[in-house]
Amino acid sequence: MKIKTISVGGFKNLERSTIQLDNITAIISPNNYGKSNLLEAIDFGVDFLSANSKDRKNMMRWIRGIPINKAVENDEFFFEVELEDESLGEYRFVRYG
């Protein structure tokens, strides 16, 4: 199984963004543009998907993840992963979020 894309948004200063992954993917930008926030949002999303309902409720109260940018202050957290598994044949693409 291979991760094709990761989409996140509504986290700290992140608007909805999609990263297309290939053999090598680099995240490059000037300082204070949100590279660490992007990685933290991905980590939060993976933890959120694997958490039980009680833990998810607690995670949604996490103050440090609340958008700090006026442009995204009304956006809900968004996390989506697109996977490819050639063993699935015709339905080899899976979107999960």
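Rules used throughout
Going along each chain's sequence as written, the residues are numbered from 1 onward. Side-chain atom pairs in this predicted model are given and counted only at pLDDT of 80 or more, local residue features only at pLDDT of at least 70, and totals for whole chains, interfaces and linings cover all residues. As a rule here, side-chain values cover all heavy atoms of the structure and leave hydrogens and water aside. Elements are defined by DSSP. Helices are runs of H or I of four residues or more, strands are runs of E of two residues or more, and each kind is numbered from the N terminus. Here, residues are in contact when the closest pair of their heavy atoms is within 4.5 Å. A pair of Phe, Tyr and Trp rings is counted when the ring centres sit within 6.5 Å of each other, with Trp represented by its six-membered ring. The angle between the planes then sorts it: under 30 degrees is stacked, over 60 is edge-to-face, the rest tilted. Only protein chains enter the area calculation, which uses a 1.4 Å probe; residues under 20% of their type maximum are buried, those over 50% are exposed, and those in between are partly exposed. Any carboxyl oxygen of Asp or Glu that lies within 4 Å of a side-chain nitrogen of Lys or Arg is treated as forming a salt bridge with it.

### Re the overall build of the chain
Part 1: On a plain count of helices and strands, the chain comes out with two helices and four strands.
Part 2: Secondary structure elements in the chain, listed N-terminal to C-terminal, are β-β-α-α-β-β.
Part 3: Taking the intrachain contacts of the chain between residues at least 6 apart in sequence as the baseline, contacts between residues at least 24 apart amount to 53%.

### Observations concerning the packing of aromatic side chains
Part 1: Taken as a whole, this structure holds four aromatic pairs when the rule is applied.
Part 2: Their ring planes at 40° and their centres at 5.7 Å tell us that phenylalanine 11 and phenylalanine 44 sit as a pair that is tilted. Residue phenylalanine 11 is found in the loop between strand S1 (2-9) and strand S2 (17-20), and its partner phenylalanine 44 is found in helix H1 (residues 35-50); the two are separated by 33 residues along the sequence. There is no split in this pair, since phenylalanine 11 and phenylalanine 44 are both buried.

### Describing the pattern of salt bridges
Part 1: Applying the stated criterion across every chain, the model contains two salt bridges.
Part 2: Salt-bridge contacts for glutamate 84 lead to lysine 4; the nearest nitrogen and oxygen are separated by 3.4 Å. Taken together, the residues span a long stretch of sequence, with glutamate 84 in strand S3 (residues 78-84) and lysine 4 in strand S1 at a distance of 80 residues.
Part 3: For glutamate 84, a relative accessible area of 10% translates into the label buried.

### Structural notes on the environment of leucine 88
Part 1: Counting through the fold element by element, leucine 88 comes out in the loop between S3 and strand S4 (93-96).
Part 2: A relative accessible area of 42% places leucine 88 in the partly exposed class.

### Quick word on unusual backbone geometry
Part 1: In this model, lysine 12 sits at a positive phi of 50°, which is unusual for a non-glycine residue.
Part 2: Mapped onto the secondary structure, lysine 12 falls in the loop between S1 and S2.
Part 3: On the basis of relative accessibility, which here comes to 9%, the residue lysine 12 falls in the buried class.
Part 4: Despite not being glycine, asparagine 32 shows a phi value in the positive range, around 65°.
Part 5: Topologically, asparagine 32 is positioned in the loop between S2 and H1.
Part 6: In this structure asparagine 32 comes out as exposed when scored by relative accessible area, which is 79%.

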